[in-house]
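Structural overview
Residue strings, one per chain:
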Amino acid sequence: MNLPPCRQLVNCKLLVRIKPDNAQQYPPTINYKLQTIKYYLAIKYLPLDQKKLTSIPAWVQAGQTKSCMKILEIKVMKGPNYWSVRRTKLIQMKLDLEELEQRPTNTIPGFRERLEKMFPTMIDHRCSEEVRGGFFKRVEEGTWMGHVIEHIALEIQTLASMDTGFGRTRTPEGGKEGVYYVVFSYIEEDAGVYAANASVRIAQALIDGTEYDLATDIQLMREIREDTRLGPSTGCIVDEAAKRGIPYIRLNKQSLVQLGYGVNQKRIRATIASTTSNIAVDIAGNKEETKMLLDAAEIPVPKGTAVRTEEGLLEAIEKFGYPLVIKPIDGNHGKGNTTNIKNIEQAMKAFEAAQTYSRSVIVERFITGYDFRCLVINNKFICAALRTPASVVGDGEHTIQWLMDETNKDPRRGFGHEKVLTQITVDQFTQKMLDDAGYTLETVPSKGERVLLKPTANLSTGGTSADVTDEVHPANIFMFERIARIIGLDICGIDIMATDLRTPVAENGGAILEVNAAPGFRMHIEPAEGLARNVAEPVVDMLFPKGSAGRIPIIAITGTNGKTTTTRLTAHIAKSANKKVGYTTSDGVYIQNQLMMKGDCTGPISSAFVLKDPTVDFAVLECARGGILKSGLAFQNCEVAVVTNVAADHIGLGGINNVEQMAKVKAVLPETVFPHGYAVLNADDDLVYKMKRDLRCNIGLFSMDENNPRIKEHCATNGLACVFENGYVTIMKGSWKIRVLPARDIPLTYEGKAIHNINNCLPAVLAAYLFRDISIEDIRSGLQTFIPSENLTPGRLNFFHFRQFTMLADFAHNPHGLKLLCDFISKLEYPEKIGVISGTGDRRDEDIRELGEISAKYFDEIIIRCDKNLRGRTAEEIIGLLKEGIDSVNPGIPTTIIANENEALEYIYAHPRQGALYTIMCDVVAGALDKIRELKQREEKEHLAVSH
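So, a few notes on the structure that sits alongside this text. (Residues numbered from 1 in each chain as written. Predicted model: local features only at pLDDT ≥ 70, side-chain atom pairs only at ≥ 80, totals over all residues. Heavy atoms only, no water.)

Taken together, the side chains of Arg87, Arg168, Arg170 and Lys664 make up a positively charged region of the molecular surface. For arginine 168, the position within the fold is in strand β5 (residues 167-170). According to the relative accessible area criterion, arginine 168 is partly exposed, its value standing at 34%. (Patch = residues over 30% accessible without salt bridge, like charges linked within 9 Å, V, L, I, M, F, W, Y side chains within 5 Å. Areas by Shrake-Rupley, 256 points an atom, 1.4 Å probe, with all protein chains shown as cover. Salt bridge = Lys/Arg side-chain N within 4 Å of Asp/Glu carboxyl O. Lys, Arg positive; Asp, Glu negative; His and termini not counted. Charge placed at Lys NZ, Arg CZ, Asp CG, Glu CD. Helix = DSSP H or I, 4+ residues; strand = E, 2+ residues; numbered from the N terminus. Buried < 20%, exposed > 50% of the residue type's maximum accessible area, 1.4 Å probe, protein only.)

Turning next to helix α7 (residues 214-228). Relative to the 21 Å expected for 15 residues at 1.5 Å per residue, α7 spans 21 Å between its end C-alpha atoms, a close match to the ideal helical length. Where burial is concerned, most of α7 is hidden: eleven out of the 15 residues are buried. Burial in α7 covers these residues: Leu214, Thr216, Asp217, Ile218, Leu220, Met221, Glu223, Ile224, Arg225, Glu226 and Thr228. (Expected span 1.5 Å × (residues − 1).)

Once that is clear, we can look at helix α27 (residues 776-785). Restricting attention to buried positions, one finds in α27 the residues Ile776, Asp778, Ile779, Gly782 and Leu783. Each buried residue of α27 lies within a common arc of 160 degrees when the element is viewed along its axis, so the set occupies one face. Elements that come into contact with the buried residues of α27 comprise α19 (563-576), β33 (728-733), β34 (736-742) and α26 (755-769). (Arc of directions from axis to C-beta. Contact = heavy atoms within 4.5 Å.)

Right, let's get into the sheet that holds strand β24 (residues 554-558). Spatial strand order, β27-β26-β25-β28-β24-β29-β30-β31-β32-β33-β34: eleven strands in an open sheet with mixed pairing. One side of each edge strand has no neighbouring strand; the edge strands of this open sheet are β27 (594-598) and β34. Averaged over all pairs of adjacent strands, the angle between strand axes in this sheet comes to 15 degrees, irrespective of strand direction. Here six bridges tie strand β32 (residues 720-725) to β33, and the two strands are oriented antiparallel to one another. Residue pairing in the sheet places cysteine 722 in a bridge with isoleucine 731 of β33. (Pairing = 2+ DSSP bridges. Axes fitted to C-alpha atoms, helices over the stretch in contact; angles between N-to-C directions.)

Here five strands make up an open sheet; going across it, the order is β21-β16-β15-β22-β23 and the pairing antiparallel. Two strands bound the open sheet, and with one partner strand each, they are β21 (464-467) and β23 (511-516). Each neighbouring strand pair of the sheet contributes to a mean axis angle of 30 degrees, computed without reference to strand direction. Sheet strands touched by helix α15 (residues 474-487): β15 (370-377), β16 (380-388), β22 (491-498) and β23. Its angle to β23, the strand with the most contacts, is close to 45 degrees.

With that settled, the discussion passes to the nonpolar core. In terms of nonpolar packing, the biggest core is built from 55 residues, with Ile554, Leu611, Phe635, Leu681, Met691 and Ile711 touching the most fellow members. Leucine 681 has contacts with Val643, Val688, Met691, Lys692, Leu695, Ile699, Gly700, Leu701 and Phe702, leaving out every residue within four places of it along the chain. Of all hydrophobic cores here, the second largest spans 49 residues; its members include Ile108, Val148, Tyr186 and Leu214. (Core = buried A, V, L, I, M, F, W, Y, C linked by side-chain atoms within 4.5 Å.)

Let us look at the packing of α19 against α27. At a minimum axis distance of 8 Å, the contact between α19 and α27 shows a crossing angle of 125 degrees. Taken together, α19 and α27 sit at an angle that is classed as oblique. Pair α19 / α27 crosses with right-handed handedness. Between α19 and α27, the residues in contact are Leu569, His572, Ile573 and Ser576 and Asp778, Ile779, Ser781, Gly782, Leu783 and Thr785, respectively. Tallied by class, residues from the contact of α19 with α27 come to four nonpolar, five polar and one charged. (Parallel < 35°, antiparallel > 145°, perpendicular 65-115°, else oblique. Left-handed = near helix turned anticlockwise from the far one by under 90°. Nonpolar A, V, L, I, M, F, W, Y, C, P; charged D, E, K, R; others polar.)

Next up on the list: unusual backbone geometry. Residue proline 323 is reached from tyrosine 322 by a cis peptide bond, and omega for that bond is -5 degrees. Along the polypeptide, proline 323 turns up in the loop between α11 (310-320) and β12 (324-328). If you check the backbone angles, glutamate 298 has positive phi at about 60 degrees while not being a glycine. As for its position among the elements, glutamate 298 is in the loop between α10 (287-296) and β11 (304-307). Relative accessible area serves as the criterion here: at 69%, glutamate 298 is assigned to the exposed category. Here histidine 650, not a glycine, exhibits a phi torsion of approximately 60 degrees, which is positive. Considering the arrangement of structural elements, one finds histidine 650 in the loop between β29 (638-643) and α22 (659-666).

Before going further, it helps to spend a moment on a negative patch on the surface. On the surface, Glu310, Glu311, Glu315 and Glu352 cluster together to form a negatively charged patch. The element best represented in the negative patch is α11, accounting for three residues. By secondary structure assignment, the location of glutamate 315 is in helix α11. With relative accessibility at 58%, the residue glutamate 315 sits in the exposed group.

Written as structure tokens, this is what we have:
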């Protein structure tokens, strides 16, 4: 089956964006949304090879669109980002208004009226007017469609019970006319993405004056929310942890969540914790075993037995008599349970129903009374609730269906878990209960008669709960806590059937029905009656005793150049202090110096990889602009953030069109620093230094000049800094100096010649010094043992000494980086210096030309090659721009063009210049280093062959 190309995944279910392109063929009143929903539902549960497209119009299958507007891209921000550091859950939609750029809302007849009719609740959108109805006023005066779409996206989420209200609509400075970034907050990611697409469709319908089925949109968003959100039990634990500053990472699409980072993490799955005993869960999952243990401990339990055959069932009936309960031995949530069985026919049906869930079935005496759930956490009684199954009470006039509909009108009832109570629906269990009672949905119950609609009191099926914690007798509290210890559960739900809990269960004829290893919390946190109980609090107290936040130290590092070397050096210093370090770089992810992932690993996925590792107690994370712009950071806060510099690189990509905007991207890191933490900033870089104005944390500065006025002013107020002074890397504490090491004694600086690496040492030293358990001796040891090589610092000043020449491989890929590299090369004594240069296709023309200009100033000869990935340009374009730069400075310099990097390296090997230094700008570092190693091995083999 050929699926439409215009599609997106929503929780692994395909949701197709469909709108006709031919307005004449399809009338303007066509219900686009209904077709979307029909398609979604048609394919929702079918295997891929069974899904049919026969009833779907051709324009759906072709993925065509009628809209005058185009969604160019949608990005999901999941952490601190370019738009907001504190509002981390944002949808960023890049939208081209096309001709609508010339049509503000006040030029579209009837638009405001149609908008207000569809969304009367938008009267509460204050917008920039800061008054009720402010947004409608903006629409009346005239605003652009991107702004309207932002508000629609927020409002439809609110209507779907995901109340959220942050939005921004901006046109990027220096960007294409009519292209906007529409940014709005979301509660559930998939629903937010859906809202982005739907808001554009809705806006188009309002512009065209066509009908639109908004109700179906809202209902589908509710379904998406229920499919993807954390359940109420898991959610309340996560919320409680977040209130205490404990970070969390959702580990799957279900309810597995990590609380805390690294070695300090704990995990929960629903209400089972990583501290929960596996054998206790196993015991609780076996009802017969549980009952046996409780009975042996003189805990009152219903008399019963486990059976597998009809013969066994008959024997149990003979022994215990009626009424009975029959249920699967390892069932949950009431599945397969049948209660109050009064005859053999009911018993046989119940036996069959139970065996669909478990081969062994429990048959036990039915205990009359009320259904109570008690919760014990960490061996302490927390709360108790009275549970009532979904039911209706007859009035002698109306049918069961009518009574159920009236009950569902209660504003406290909603879809799924969106409100305190869940709407009652008719399912197979309802039908069975009605059948057993001889009723149908059209039956009129007598006045005052209660008709049960579900066999269990689960809130998720429409049941209700009332808090009775304050009524529980002390003897029952003692018994509940004892039960938790007998089974061994640290989070324990106990089901009791009794007339009440005010008197001891052992005396009032009640019994313990079940012990649950994953008890639901919703009945306690949102009871229909009585006091709500914060049951998540004792869970978090148990997992993280007071004073523990489950964190590990994080040093986050960004900048245009030098960030990878700074990251590696910082991690090495931390390792010298016996830290178990996890770090991310542009060439891979490392856990305790073991390479775990290869490639550019400077985004949030790589950071999360480190933070999820249970062996790591210290994280050093390189965070590049690409990951920040794509989905934000993987962490909310860090202890230290380093910004090395901001220069013109990647300008024109991702909506960043000048170096000032790039500085705003880099500033995301220092803005996440805890108030007690430090932002380590480059005092020699104007854009980096300016970041300090908006920060709410401590500031540390570094500079290559101890007389920098910014350093002097900072240290005059007892500030911390790290400077290069009198040949030393020196920490300054106010007016006091701590000389760490002479720069010439630090291998990374190549006897002090690599000025840029002296610069990289400064923030690494200062960042490490900020931690009390990293000493000056640790820092000195780290600096002295960090030996630059292709293994420890791949692509950063990697020398390969051949017999007749030397190769120097470096990742310098922008003018700023190349200038620093060439400054280092100029201090080296080689008879000839030959540059092997390239340009990156997605950079600006002027950036590529500048690479040629710098090369012409410093090299005696140039070889031009091309990267493997040309990134939107042709090889001829890139070579032409490099040549223009070279010729503008030194038109007579010998220049050779060899487009393929491997061929260029082979050319050097085949035509060596005696004593020459070949400086190679690497694109794919690993590939270039592998090729150079291959040539080195070839040379060794050839030399051995000749010598023999």
